[in-house]
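Next come the chains, spelled out residue by residue.
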Amino acid sequence: MEIPSGPAERLAAQLSSMLPEAAVVQVRLQGPRTLWPHLGLTAVNARGRTLRVPRAKALTIARWIIRSFPQAGWAASGGHAFDLRTAELRGLEA
């Protein structure tokens, strides 16, 4: 068993245990129907299907990801995707 070394790897391992079917977690600060900041989280499995995540868990995970990557420019972006398999954060295409 491989032990996660960096903060991103540890976060990915923790989120993988909380969302065992998820491959990627997408986080947005602005919802599609709001003009003000509103956390949004979408969990996607390896086949690209959206998984249901309870609201409280989704908000907690979104906050963890945002706090783990403060340099990502959350306010100026359309959101980011955190790959739980590789522990990489990338921007979402609009």
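Refer to the preceding data block for the structure.
Residues numbered from 1 in each chain as written. Predicted model: local features only at pLDDT ≥ 70, side-chain atom pairs only at ≥ 80, totals over all residues. Heavy atoms only, no water.

1. Structural notes on the layout of surface pockets
Moving on, step 1. Roughly 150 Å³ of volume is contained in the largest pocket.
Moving on, step 2. Lining the largest pocket are H38, L39, G40, L41, T42, A43, T50, L51, V53, R55, A58 and L59.
Moving on, step 3. In terms of residues, the lining of the largest pocket owes the most to one element, strand β2 (residues 40-44), which gives 4 residues.
Moving on, step 4. Class assignment for the residues of the lining of the largest pocket results in 7 nonpolar, 4 polar and 1 charged. (1 Å grid on protein atoms, 1.4 Å probe; cavity = no way out; pocket = protein on both sides within 12 Å on 5 of 7 lines; lining within 4 Å. Points joined across faces, edges and corners; volume = space filled by probe spheres on them. Helix = DSSP H or I, 4+ residues; strand = E, 2+ residues; numbered from the N terminus. Nonpolar A, V, L, I, M, F, W, Y, C, P; charged D, E, K, R; others polar.)

2. What to know about the pattern of salt bridges
Moving on, step 1. Enumeration over the complete set of coordinates arrives at 1 salt bridge.
Moving on, step 2. With a shortest N-O distance of 3.1 Å, D83 and R85 are connected by a salt bridge.
Moving on, step 3. By relative accessible area, which is 55% here, R85 ends up exposed. (Salt bridge = Lys/Arg side-chain N within 4 Å of Asp/Glu carboxyl O. Buried < 20%, exposed > 50% of the residue type's maximum accessible area, 1.4 Å probe, protein only.)

3. Quick word on the sheet that holds strand β5 (residues 88-91)
Moving on, step 1. Read across the sheet, 5 strands follow the order β3-β2-β1-β4-β5 without closing on themselves; strand pairing throughout is antiparallel. In this open sheet, the two strands that pair with only one neighbour each are β3 (50-51) and β5.
Moving on, step 2. By the bridge criterion, 4 bridges tie strand β1 (residues 24-28) to strand β4 (residues 80-83) in an arrangement that is antiparallel. From the neighbouring strand, V27 faces β4, where its bridge partner is H80.
Moving on, step 3. Contacts from helix α2 (residues 55-68) reach β1, β2, β4 and β5, with the element oriented near 85° to β1. (Pairing = 2+ DSSP bridges. Contact = heavy atoms within 4.5 Å. Axes fitted to C-alpha atoms, helices over the stretch in contact; angles between N-to-C directions.)

4. Topic: the pairing of β5
Moving on, step 1. In terms of strand pairing, β4 meets β5 through 4 bridges, oriented antiparallel. Residue pairing for β5: F82 is matched across the bridge by L89.
Moving on, step 2. Here β4 hands over to β5 after 4 residues, with A87 in that stretch at a positive phi of 60°.

5. Structural notes on the side chain of H80
Moving on, step 1. With respect to the helices, strands and loops of the structure, H80 is situated in strand β4.
Moving on, step 2. Look at H80 and you get buried, because its relative accessible area is 9%.
Moving on, step 3. Among the polar contacts listed, one links the side chain of H80 to the backbone oxygen of A72, at a separation of 3.3 Å.
Moving on, step 4. Discounting chain neighbours no more than four positions away, the residues touching H80 are V25, Q26, V27, A72, G73, W74, L89, R90, G91 and L92. (Polar contact = N/O pair within 3.5 Å; in protein donor to acceptor, adjacent residues only side chain to side chain.)

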